[in-house]
Amino acid sequence: MSFLFGSRSSKTFKPKKNIPEGSHQYELLKHAEATLGSGNLRMAVVLPEGEDLNEWVAVNTVDFFNQINMLYGTITDFCTEESCPVMSAGPKYEYHWADGTNIKKPIKCSAPKYIDYLMTWVQDQLDDETLFPSKIGVPFPKNFMSVAKTILKRLFRVYAHIYHQHFDPVIQLQEEAHLNTSFKHFIFFVQEFNLIDRRELAPLQELIEKLTSKDR
């Protein structure tokens, strides 16, 4: 959650996505932050009693976007066309970009380009009121959960790239605890609601086992 980062002046990669104050989603976000503050990440991801699953997934998806935005924003100086000519997560995993609309056929591109495409695409989904309604009483579309799953699957790739290719600068910048806590929260969330296929998580499987084994 954003509170993990305190009030540090942290540059974000893309503009932060705000949930309007006073809205029900804002109350849900506050509930999640309060639960996270207790330090129990397993409990923090559980659907609050009486709440709508779509809305809970929506609020948390926006929050993960903001967290990754901030984390990637801290290491953009290290993630360049030269250092990362392909979008990868270690030697075995390489990602090619396609969004199904503007770029239909997957293209091979540098990591900074891929992440720019990815974060812009996510931002467009989050800003689409027909997909992520912010007004009370406006229903979520039937395809909401499949869109949310695609968003989270793609956001995972940014974590995977940071861990595999940029962990040294993360340590130098003393962002390691933030990254680990954010990623652990993300993994507990997607595990709780089965939102990302296990195969997609393979690039960080060892880390996932290490981070989650203490909380079983």
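This is a predicted model, so every value here is computed, not measured. Per-chain numbering applies: the sequence of each chain, read as written, is numbered from 1 onward. Predicted model: local features are reported for residues with pLDDT of at least 70 only, side-chain atom pairs are reported and counted for 80 or more only, and whole-chain, interface and lining totals are derived from all residues. Side-chain descriptors were evaluated using all non-hydrogen atoms of the structure, hydrogens and water having been removed beforehand.

### Some points on helix H4 (residues 111-127)
The condition is simple: Secondary structure counts use DSSP, requiring at least four H or I residues in a row for a helix and at least two E residues in a row for a strand, with both numbered from the N terminus. Working rule for helices: expected span equals 1.5 Å times residues minus one. By the convention used here, residues are in contact when the closest approach between their heavy atoms is within 4.5 Å.
In a regular helix each residue adds 1.5 Å, so 17 residues correspond to 24 Å; H4 covers 24 Å between its end C-alpha atoms and thus fits that length. Check the buried side of H4 and you find it contacts helix H3 (53-75), strand S1 (87-88), strand S2 (94-95) and helix H5 (144-165).

### Overview of the nonpolar core
Here is a general trend for soluble globular proteins: nonpolar side chains tend to be buried in one another's company. Heads up, the rule is: Grouping buried Ala, Val, Leu, Ile, Met, Phe, Trp, Tyr and Cys residues that are joined through side-chain atoms within 4.5 Å yields what is termed a nonpolar core. Exposure is judged per residue with a 1.4 Å probe applied to protein chains only, and the accessible area is read against the type maximum: over 50% gives exposed, under 20% gives buried, and values in between give partly exposed.
Counting 65 residues, the largest nonpolar core has Leu-155, Phe-156, Tyr-159, Phe-183, Phe-186 and Leu-204 as its most contacted members. Secondary structure elements with two or more residues in this core: helix H1 (24-37), H3, H4, H5, helix H7 (176-192) and helix H8 (205-213). Broken down by element, this core gets its largest block of residues, 12 residues, from H5. Filtering out sequence-adjacent residues up to four positions away, Leu-155 remains in contact with Thr-61, Phe-64, Phe-65, Ile-68, Leu-118, Met-119, Val-122 and Phe-186.

### Comments concerning the UniProt feature "binding site: Zn(2+)" (unreviewed entry) in the protein
Condition: UniProt positions are given in the numbering used here, feature names are shortened, and annotations may be inferred rather than shown by experiment.
Residues annotated in UniProt with the feature "binding site: Zn(2+)" (unreviewed entry) correspond here to Cys-79, Cys-84, His-161 and His-166. In sequence the annotated residues extend across 88 residues, while in space they remain close, none of their C-alpha pairs exceeding 9.9 Å. If you trace the backbone, Cys-79 turns up in the loop between H3 and S1. Under the relative-accessibility criterion, Cys-79 is labelled buried at 4%. The contact partners of Cys-79, leaving out residues within four places of it in the chain, are Tyr-72, Cys-84, Ala-111, Pro-112, His-161 and His-166. Structurally, Cys-84 is set in the loop between H3 and S1. If sequence neighbours within four positions are ignored, Cys-84 has contacts with Cys-79, Ser-110, Ala-111, Pro-112, His-161 and His-166.

### Notes on the confidence of the model for the protein
Note the following rule: Scored from 0 to 100, pLDDT reflects the predictor's confidence in each residue.
Across the protein, the average pLDDT comes to 87, with 89% of residues at 70 or higher. Segment residues 1-10: pLDDT under 50, and 24 contacts once partners within four positions in sequence are set aside and those in other chains are kept.

### What to know about the packing of aromatic side chains
Heads up, the condition is: Any two rings among Phe, Tyr and Trp, with Trp reduced to its six-membered ring, count as a pair given centres within 6.5 Å; such a pair is stacked if its planes are under 30 degrees apart, edge-to-face if over 60, and tilted if neither. In this scheme, Lys NZ or Arg CZ marks a charge over a ring once it lies within 6 Å of the ring centre and within 35 degrees of the ring normal.
Tallying each qualifying case throughout the model produces 15 aromatic pairs. A centroid spacing of 5.2 Å and a plane angle of 75° characterise the contact between Phe-132 and Phe-144, whose relative ring orientation is edge-to-face. Placement of the pair is Phe-132 in the loop between H4 and H5 and Phe-144 in helix H5, with a sequence separation of 12 residues. Phe-144 matches Phe-132 in its accessibility class, with the two residues each being buried. Linked through ring pairs, Phe-64, Phe-156, Tyr-159, Tyr-163, Phe-167, Phe-183, Phe-186, Phe-189 and Phe-193 together constitute an aromatic cluster. Directly above the ring of Tyr-117 sits Lys-113, whose terminal nitrogen or CZ lies 5.1 Å from the centroid. Across the ring face of Trp-121, the terminal group of Arg-154 is positioned such that the distance to the ring centre comes to 4.4 Å.

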